[in-house]
Number of protein chains: 2
Amino acid sequence: MDKKNLIVGQSGGPTAVINSSLYGVVSEALSHPEEIGCVYGMINGIEGFLNGTVLDFQEALPGERLSYLKHTPGAYLGSCRYKLPESLEDPVYPRLFEKFKEMNIGYFFYIGGNDSMDTVSKLSRYAARIGSDIRVMGEPKTIDNDLVLTDHTPGFGSAARYVASTVREIIIDANVYEKKSVTIVEIMGRHAGWLTAASVLARKYTGDNPLLIYLPETAFDVEAFLQKVEAAFEKNCNVVVCVSEGIHDKNGTFICEYDNSVGTDSFGHKMLAGCGKYLENLVRSRLGVKARSVELNVSQRCSSSMLSATDQKEAVQAGAFGVLAALKGETGKMIAFQRETAADGSYSMTCSLEDVNDICNKEKAVPMEWITEDGSDVGPAFIAYASPLIQGTVQVPMGEDGLPAFVYRK
Amino acid sequence: MDKKNLIVGQSGGPTAVINSSLYGVVSEALSHPEEIGCVYGMINGIEGFLNGTVLDFQEALPGERLSYLKHTPGAYLGSCRYKLPESLEDPVYPRLFEKFKEMNIGYFFYIGGNDSMDTVSKLSRYAARIGSDIRVMGEPKTIDNDLVLTDHTPGFGSAARYVASTVREIIIDANVYEKKSVTIVEIMGRHAGWLTAASVLARKYTGDNPLLIYLPETAFDVEAFLQKVEAAFEKNCNVVVCVSEGIHDKNGTFICEYDNSVGTDSFGHKMLAGCGKYLENLVRSRLGVKARSVELNVSQRCSSSMLSATDQKEAVQAGAFGVLAALKGETGKMIAFQRETAADGSYSMTCSLEDVNDICNKEKAVPMEWITEDGSDVGPAFIAYASPLIQGTVQVPMGEDGLPAFVYRK
């Protein structure tokens, strides 16, 4: 194969380490100048690429600047939520491959979650159909940790560390007053409860807050919840409850949809409030105690303050591993993580390649046996699983303004 | 004066450095063993003290453990919102001073905001009335930065750094997609806009987000706001707006109260949503663009992740300064900060003593000349004021669990 160029894009929601994966791909690619020519980035994913917006990394982030990607949250290249058509007969495919040819692209990398793996699947299948030798690779990324065939995904460890440390501080805040109170913390994750489960890492000993944790893997029952809260007051007068945004009842109705009378605003438009707000009001009105809710919101996926060094290192590693695999001729693969636990319990991880067609459009839930039978807590198996992933502090350099120094696209 | 004991308490809402002030008081007091006997802490403020809950710092936090207070957020001693009766004839006063006598208290320290300074005022006035030689001192603390007669207050710098860095990361998150969007960030501060104003520190250059900043110092007009948002789209397709929770219209009605049809939940109880949620819905329905809101919530006052080293150092300094002043016979004073700006523009701070009666129950607003005329932004004078206060990173030690290692009361 003659010397070809590499192009990389980012897709879906951002994470704290999606740019670390990008760094891994770009730095590894630049270290193979005999095999790889230019290293391009597509701005705003495949959608932006179709509109012709690309950058050259050696111009955009020369020298040391490239390494700033490792602590810059968000998607440096911008993102999109564009889904390629199901039919490979669609004219968008020849259009894309014509553009690849124009730019002499031999390596296509896409960093994202299961929707992005769908893009990798379609492009690699189309390449096979037309006999193109372009190598199409997927780099995993999601705070939701819901990709199959991998032990975990880059982005989860840092988000989990953010959730655990923030919940621990919210517990401190809740403990300040002696008066009975309930704090509901609403955590991201509509279908899979991995990130909400990570709130258990804030617990310092059995019987410590958060006293209740509810994932979307089990059905949520409002009356059982209220009884659990009442019982929790025996352990602590300040009860902290962590709930996934996606908790739902046994009929599949989201708890946030219960909130029917948050109904309409003064313009007649439906107001939406999260399940945290709903449960706050429920607790206040039914139990007559002080209640508040905290929605952790977008900081879960864009905060650099609680970057996990393990997560960051693994994201870089996955990026580099993918480039080496593509150079060996691999295509249509996603880089996956295989956990190795030594006899002394210490954790290590190796990368593997998995067929992207077995990954895309699937979701991995928290195993039911890791959740307590009554669905109000997670057990020690989850703690053993998640704990190694949040280890290690990253020193984010500070700028002259006293705030974290990131890199931005011009 | 023979050797007396010192007691210190915390009151009102927590901050990231209220325990640094505590460290300053306790460590300075312990370094004067010839003049000060035991150093006690009252648990849950004056209310807890009345119920007899105290601890001895040499037992509770021996040796090195004491210094962990400097990075532990929240109120280590717990807090209260108890207001002493206006009339000094009330029987609570002799009851308190009887307890002081029992414990041989010669020095009473209270760390808090203007309500807490009211406690200091009353106790010092009562002491004067009965001829007690007990020295009553106030240590300032509030993320709201609204105390008079001081350049700024401990707690503000760290909260401002948290707001600035979090808003900068929210801006990164908002910029990920190309589609027009508005993000409303709701920031603490019901009456004074200092903390909301700190969001301007997230702005990297003129015309960068946050493009609009609204404080409670000026009247908020919904129609003018919508026009400003429309105009802001010319600068950036992703507009970030920072608003204080306390924004109100020219009649004094809070914008969050506009939300009348968030009305009642299914139990007939009034649902409350913040002004951020209200403006999110307003923008979506009136401008027809993607909108979301983020309430920064309690992390503003309890996050250790963005501790300002300057703020932390000054809090310790204020604590120690107060003890030295009390040893010299001062009473009824609050420790205040006087800014000194050198010819080269560099910042330094010295402590002074101010009569607590001139401080309690007053509020300091952001000067009107620091706010732009249309009330939609803050100017360079605020940036020059706030910038030195957020400087410096504190390395918070991590525990074996990979999370910040704090100290907790047994």
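Up top you'll find the structure we're talking about.
Okay, so let's go over this structure.

Conventions adopted
Residues numbered from 1 in each chain as written. Chains lettered and ligands numbered in written order. Predicted model: local features only at pLDDT ≥ 70, side-chain atom pairs only at ≥ 80, totals over all residues. Heavy atoms only, no water. Pairing = 2+ DSSP bridges. Helix = DSSP H or I, 4+ residues; strand = E, 2+ residues; numbered from the N terminus. Axes fitted to C-alpha atoms, helices over the stretch in contact; angles between N-to-C directions. 1 Å grid on protein atoms, 1.4 Å probe; cavity = no way out; pocket = protein on both sides within 12 Å on 5 of 7 lines; lining within 4 Å. Points joined across faces, edges and corners; volume = space filled by probe spheres on them. Expected span 1.5 Å × (residues − 1). Buried < 20%, exposed > 50% of the residue type's maximum accessible area, 1.4 Å probe, protein only. Parallel < 35°, antiparallel > 145°, perpendicular 65-115°, else oblique. Left-handed = near helix turned anticlockwise from the far one by under 90°. Contact = heavy atoms within 4.5 Å. Nonpolar A, V, L, I, M, F, W, Y, C, P; charged D, E, K, R; others polar. Least-squares fit on C-alpha atoms with pLDDT ≥ 70 in both. Salt bridge = Lys/Arg side-chain N within 4 Å of Asp/Glu carboxyl O. Buried area = accessible area lost by both parts, 1.4 Å probe. Polar contact = N/O pair within 3.5 Å; in protein donor to acceptor, adjacent residues only side chain to side chain. Phe/Tyr/Trp six-rings, centres within 6.5 Å; stacked < 30°, edge-to-face > 60°. Lys NZ or Arg CZ within 6 Å of the ring centre and 35° of its normal. Core = buried A, V, L, I, M, F, W, Y, C linked by side-chain atoms within 4.5 Å. Arc of directions from axis to C-beta.

Points about the sheet that holds strand S9 (residues 290-295) of chain B
Residues and elements named next belong to chain B.
Thinking step 1. The 4 strands lie next to each other as S7-S8-S6-S9, forming an open sheet whose pairing is parallel. Looking at the sheet topology across the chains shown, the edges are occupied by strand S7 (212-214) and S9. Ignoring which end each strand starts from, the neighbouring axes of this sheet average 15° apart.
Thinking step 2. Inspection of the sheet shows strand S6 (residues 181-187) paired to strand S8 (residues 238-244) by 7 bridges, in the parallel sense. Within S8, the residue paired with Glu186 across the bridge is Val243.

Observations regarding empty space enclosed by the protein
Thinking step 1. For the structure on display, the rule yields 4 cavities of 30 Å³ or more.
Thinking step 2. Taken as a whole, the largest cavity encloses approximately 90 Å³ of empty space.
Thinking step 3. Every residue lining the largest cavity is listed: Tyr162(A), Val294(A), Glu295(A), Leu296(A), Ser299(A), Tyr162(B), Thr166(B), Val294(B), Glu295(B), Leu296(B), Asn297(B) and Ser299(B).
Thinking step 4. For the lining of the largest cavity, the elements supplying multiple residues, two or more each, are strand S9 (290-295) of chain A together with helix H6 (156-174) and S9 of chain B.
Thinking step 5. Within this model, the second largest cavity holds a volume of roughly 60 Å³.

Some words on helix H6 (residues 156-174) of chain A
Thinking step 1. With 19 residues, H6(A) should reach 27 Å at 1.5 Å per residue; the first-to-last C-alpha distance of 26 Å fits that figure.
Thinking step 2. A large share of H6(A) lies buried, amounting to 19 of its 19 residues.

Structural notes on the packing of helix H1 (residues 18-30) of chain B against helix H11 (residues 309-327) of chain B
For any two helices packed against each other, the geometry is given by the interaxial angle and the distance between the axes.
Residues and elements named next belong to chain B.
Thinking step 1. Interhelical geometry of H1 versus H11 gives an angle of 40° and a closest axis separation of 7 Å. As the angle between them shows, H1 and H11 are arranged oblique. Remark: the crossing between H1 and H11 carries right-handed chirality. Contacts between H1 and H11 pair Ser20, Ser21, Tyr23, Gly24, Val25, Glu28 and Ala29 from the former with Gln312, Ala315, Val316, Gly319, Ala320, Val323 and Leu324 from the latter.
Thinking step 2. Residue classes in the contact of H1 with H11 are distributed as 8 nonpolar, 5 polar and 1 charged.

What to know about the relation of the copies chain B and chain A
Thinking step 1. You can overlay chain B on chain A at an RMSD of 0.0 Å; the transform is a turn of 180° with a shift of 0.0 Å along its axis. Expressed as an axis order, the relation between the two copies is that of a two-fold axis.
Thinking step 2. The overlap is high: 100% of the interface residues of chain B also sit at the interface in chain A, so the same surface is used on both sides.

With respect to the pattern of salt bridges
All names here are of chain A.
Thinking step 1. Counting across every chain of the model gives 32 salt bridges over all chains.
Thinking step 2. Across the pair Asp133 and Lys4 runs a salt bridge whose closest N-O atoms are separated by 3.6 Å. Highlighted residues: Asp133 in the loop between helix H5 (114-130) and strand S5 (135-140) and Lys4 in strand S1 (residues 4-10), separated in sequence by 129 residues.
Thinking step 3. Classification of Asp133 as partly exposed rests on a relative accessible area of 42%.
Thinking step 4. Between Lys122 and Glu86 there is a salt bridge, with its nearest N and O atoms 2.9 Å apart. Here Glu86 lies in the loop between helix H3 (57-60) and helix H4 (92-102) and Lys122 lies in helix H5, a separation of 36 residues in the sequence.
Thinking step 5. Relative accessible area serves as the criterion here: at 56%, Glu86 is assigned to the exposed category.

Some details on the packing of helix H4 (residues 92-102) of chain B against helix H5 (residues 114-130) of chain B
Residues and elements named next belong to chain B.
Thinking step 1. Axis separation between H4 and H5 bottoms out at 11 Å; the angle between their running directions is 80°. One element, H4, and the other, H5, form an angle in the roughly perpendicular class. Across the interface between the two elements, Tyr93, Pro94, Leu96 and Phe97 of H4 pack against Lys122, Leu123, Tyr126, Ala127 and Ile130 of H5.
Thinking step 2. Here the contact of H4 with H5 is composed, by residue class, of 8 nonpolar, no polar and 1 charged.

Points about the interface of chain B and chain A
Thinking step 1. Each partner contributes residues to the interface: chain B has 71 residues there, and chain A has 71 residues.
Thinking step 2. Between chain B and chain A the total buried area reaches about 5500 Å² when both faces are included, carbon and sulfur atoms providing 55% of it.
Thinking step 3. Of all residues in chain B, Glu169(B), Tyr177(B) and Leu403(B) bury the most surface against chain A, accounting for 12% of the area lost on that side.
Thinking step 4. At the junction of chain B with chain A, the criterion picks out 4 salt bridges.
Thinking step 5. In this structure, the salt-bridge partner of Asp173(B) is Arg301(A), at a minimum N-O distance of 2.7 Å.
Thinking step 6. Elements supplying a minimum of two residues to the side of chain B that touches chain A: H6, helix H9 (275-287), S9 and helix H10 (299-302) of chain B.

Brief notes about the environment of Glu280(A)
All names here are of chain A.
Thinking step 1. Residue placement: Glu280 occurs in helix H9 (residues 275-287).
Thinking step 2. The spatial distance from the C-alpha of Glu280 to the C-alpha of Val182 is 7.8 Å, given a sequence separation of 98 residues.
Thinking step 3. Contact partners of Glu280, with chain neighbours within four places excluded, come to Ile184, Ala291, Arg292 and Ser293.
Thinking step 4. Among the polar contacts listed, one links the side chain of Glu280 to the side chain of Arg284, at a separation of 2.4 Å.
Thinking step 5. Here Ser293 takes part through its side chain, which lies 2.6 Å from a polar atom of the side chain of Glu280.

Side note on the environment of Tyr347(A)
Residue and element names in this part refer to chain A.
Thinking step 1. Note on placement: Tyr347 falls in strand S11 (residues 347-355).
Thinking step 2. Classification of Tyr347 by relative accessible area gives partly exposed; the value is 21%.
Thinking step 3. Separated by 33 residues in the primary sequence, Tyr347 and Glu314 have C-alpha atoms spaced 13 Å apart.
Thinking step 4. With near-sequence residues (within four places) excluded, Tyr347 lies in contact with His152, Thr310, Glu314, Arg339, Glu340, Pro388 and Leu389.
Thinking step 5. A polar contact is formed between the side chain of Tyr347 and the side chain of His152, at a distance of 3.4 Å.

What to know about the packing of aromatic side chains
Aromatic ring pairs are described here by two measures, namely the spacing of the ring centres and the angle between the planes.
Thinking step 1. Enumeration over the complete set of coordinates arrives at 34 aromatic pairs over all chains.
Thinking step 2. A ring pair is formed by Trp194(B) and Tyr385(B), whose centres lie 5.3 Å apart and whose planes are at 45°; its orientation type is tilted. Within this pair, whereas Trp194(B) is found in helix H7 (residues 194-197), its partner Tyr385(B) is found in helix H12 (residues 380-386), the two being separated by 191 residues in sequence.
Thinking step 3. Under the relative-accessibility criterion, Tyr385(B) is labelled buried at 6%.
Thinking step 4. Taking the centre distance of 4.9 Å and the plane angle of 80° together, the rings of Tyr214(B) and Phe220(B) count as edge-to-face. Across this residue pair, the class does not change: Tyr214(B) and Phe220(B) are buried.
Thinking step 5. Pairwise contacts between aromatic rings join Phe49(A), Tyr93(A), Phe97(A), Phe100(A), Phe108(A), Tyr110(A) and Tyr126(A) into one cluster.
Thinking step 6. Between Lys204(A) and the ring centre of Tyr408(B), over which it is positioned, the NZ or CZ distance is 4.2 Å.

Section: the nonpolar core
Thinking step 1. Counting 78 residues, the largest nonpolar core has Leu195(A), Phe382(A), Leu195(B) and Phe382(B) as its most contacted members.
Thinking step 2. Excluding residues that lie within four positions of it along the chain, Leu195(A) makes contacts with Ile143(A), Phe156(A), Ala159(A), Ala160(A), Val163(A), Ile187(A), Met188(A) and Gln300(A).

Examining helix H8 (residues 222-232) of chain B
Residues and elements named next belong to chain B.
Thinking step 1. The complete set of buried residues in H8 reads Val222, Phe225, Leu226, Val229 and Ala232. Looking straight down H8, one finds its buried side chains confined to an arc of 120°; they lie on one side.
Thinking step 2. Here the buried face of H8 lies against S6, S7, S8 and H9.
Thinking step 3. One side-chain oxygen at the N-terminal end of H8 lies 3.2 Å from the backbone nitrogen of Glu223; it belongs to Asp221.

Quick word on the pairing of strand S10 (residues 333-341) of chain A
Residues in a regular strand point their side chains to alternate faces of the sheet.
Residue and element names in this part refer to chain A.
Thinking step 1. Bridge count for S5 against S10 is 2 bridges, and the pairing is parallel. Bridging across to S10, Met137 finds its partner in Lys333.
Thinking step 2. Here S10 pairs with S11 via 9 bridges, running antiparallel. Pairing of Glu340 across the sheet is with Ser348, part of S11.

Nothing here speaks to function; it is geometry throughout.
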